[in-house]
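Remarks on the overall topology
One-letter residues, chain by chain:
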Amino acid sequence: DAKTTQPPSMDCAEGRAANLPCNHSTISGNEYVYWYRQIHSQGPQYIIHGLKNNETNEMASLIITEDRKSSTLILPHATLRDTAVYYCIVRSHRDYGGSQGNLIFGKGTKLSVKP
Amino acid sequence: ETGVTQSPTHLIKTRGQQVTLRCSSQSGHNTVSWYQQALGQGPQFIFQYYREEENGRGNFPPRFSGLQFPNYSSELNVNALELDDSALYLCASSLARPGVSKNIQYFGAGTRLSVL
């Protein structure tokens, strides 16, 4: 089962910041927070990940609370092309002896960016 | 564009038939994971291949099987198709290195399988 809780849907006006919350109250010390998104009928796209510090890349920013029990993905200037389902996933980075573990997806948040 | 390609893009089969789906991983990647995504649901992990061996499996029956080839491409085989196997099948590739725990999976666009 997914270890995260996300709202099923959110709306955002084009050009405004989209703030997508995620609760992961049972996260353990070696687990990272990953965000993927899936635009309709395409494969999931990696966005960003982090452990405890805030992270930023060309796509988004990730804010993780100090207790690590929740996080927020921020799309600073949402466009219509950001309309997608956004998945928050917690994942261990422990060494599997060369192989790596799988991703456990929940139902995500359907973000609708409106003109 | 992730560099992960899947074929075919769409497929229609009838119940009881067998199907093979193919995945070419991103250049330099050595690990392939397969996921099944039913309509309205998040992707569910089927299994992962690393160094040509299955390494981890989700809650799927043995009629779901796979292969990984020396060039790291992969196949997903499903025998005795059932109506509930209708779904989007996703392949993800990644680079796994012993002692390096960071691992990002990059997904292909998927194969849409319809079982009638």
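Residues numbered from 1 in each chain as written. Chains lettered and ligands numbered in written order. Predicted model: local features only at pLDDT ≥ 70, side-chain atom pairs only at ≥ 80, totals over all residues. Heavy atoms only, no water.

**Remarks on the overall build of chain A**
- A tally of helices and strands in chain A yields zero helices and nine strands.
- The helix and strand sequence of chain A, counted from the amino end, reads β-β-β-β-β-β-β-β-β.
- The globule rule puts the C-alpha radius of gyration for 115 residues at 13 Å, and the 14 Å found for chain A is close to it.
- Of all 115 residues assigned to chain A, the portion counted as buried reaches 48%.
- Of all intrachain contacts in chain A linking residues separated by at least 6 positions in sequence, the fraction that spans at least 24 positions is 59%.
- For chain A, the exposed surface amounts to about 5800 Å²; the carbon and sulfur share of it is 48%.
- When the 12 positive and 10 negative side-chain charges of chain A are each reduced to one mean point, those points stand 4 Å apart. (Helix = DSSP H or I, 4+ residues; strand = E, 2+ residues; numbered from the N terminus. Rg over C-alpha atoms; globule rule 2.2 N^0.38 Å. Buried < 20%, exposed > 50% of the residue type's maximum accessible area, 1.4 Å probe, protein only. Contact = heavy atoms within 4.5 Å. Areas by Shrake-Rupley, 256 points an atom, 1.4 Å probe, with all protein chains shown as cover. Lys, Arg positive; Asp, Glu negative; His and termini not counted. Charge placed at Lys NZ, Arg CZ, Asp CG, Glu CD.)

**Re the overall build of chain B**
- Helix and strand counts for chain B stand at zero helices and 11 strands.
- Secondary structure of chain B in N-to-C order comes out as β-β-β-β-β-β-β-β-β-β-β.
- On C-alpha atoms alone, chain B measures out to a radius of gyration of 14 Å, which is about the 13 Å that the 2.2 N^0.38 rule sets for 116 residues.
- Relative to its full complement of 116 residues, chain B shows a buried share of 47%.
- The long-range fraction of contacts in chain B, counting pairs at least 24 apart against all pairs at least 6 apart in sequence, stands at 55%.
- Total accessible area computed for chain B in this model is approximately 5500 Å², and 49% of it derives from carbon and sulfur atoms.
- Looking at charge distribution, chain B has the averaged site of its 9 positive side-chain charges lying 4 Å from that of its 8 negative ones.

**As for the state of the cysteines**
Residues and elements named next belong to chain A.
- Scanning all chains against the criterion turns up two disulfides over all chains.
- Here Cys22 connects covalently by a disulfide to Cys88, the sulfurs 2.1 Å from one another. Disulfide Cys22-Cys88: torsion about the S-S bond near -85°, hence left-handed. Within this pair, whereas Cys22 is found in strand β2 (residues 18–23), its partner Cys88 is found in strand β8 (residues 84–92), the two being separated by 66 residues in sequence. (Disulfide = S-S within 2.5 Å.)

**Overview of the pattern of salt bridges**
Residue and element names in this part refer to chain B.
- A complete count under the given rule lists six salt bridges over all chains for this structure.
- With a closest N to O distance of 3.5 Å, Arg22 and Glu75 form a salt bridge. Placement of Arg22 in strand β3 (residues 19–24) and of Glu75 in strand β8 (residues 74–78) is noted, with a sequence separation of 53 residues between them.
- We classify Arg22 as partly exposed; its relative accessible area is 43%.
- With its nearest N and O atoms 3.0 Å apart, the salt bridge here joins Glu54 to Arg57.
- Taking relative accessible area as the criterion, Glu54 reaches 37% and is therefore assigned partly exposed. (Salt bridge = Lys/Arg side-chain N within 4 Å of Asp/Glu carboxyl O.)

**Considerations on the side chain of Thr4(A)**
Residue and element names in this part refer to chain A.
- By the element assignment, Thr4 lies in the segment before β1 (9–13).
- When its relative accessible area of 13% is taken as the criterion, Thr4 is described as buried.
- A polar atom in the side chain of Thr4 sits 3.0 Å from the backbone oxygen of Cys88.
- Residue contacts for Thr4: discarding those within four places in its chain leaves Cys22, Asn23, His24, Cys88, Ile89 and Val90. (Polar contact = N/O pair within 3.5 Å; in protein donor to acceptor, adjacent residues only side chain to side chain.)

**A word on the sheet that holds β8(B)**
All names here are of chain B.
- In space, the four strands of this open sheet follow the order β1-β3-β8-β7, with antiparallel pairing throughout. Of all strands in the sheet, those bounded by a partner on one side alone are β1 (5–7) and β7 (64–68). Within the sheet, the average angular offset between the axes of one strand and its neighbour, ignoring direction, is 20°.
- The pairing of β3 with β8 spans five bridges and is antiparallel. Each bridged residue has a counterpart across the sheet, and for Arg22 the counterpart in β8 is Glu75. (Pairing = 2+ DSSP bridges. Axes fitted to C-alpha atoms, helices over the stretch in contact; angles between N-to-C directions.)

**Structural notes on the sheet that holds β1(A)**
All names here are of chain A.
- Taken together, five strands build an open sheet; the order of strands is β1-β9-β8-β3-β4 and the sheet is mixed. Pairing within the sheet leaves two strands with one partner each, and these edge strands are β1 and β4 (45–50). In this sheet, neighbouring strand axes are inclined to one another by 25° on average, regardless of whether the strands run parallel or antiparallel.
- The pairing of β8 with strand β9 (residues 109–114) spans three bridges and is antiparallel.

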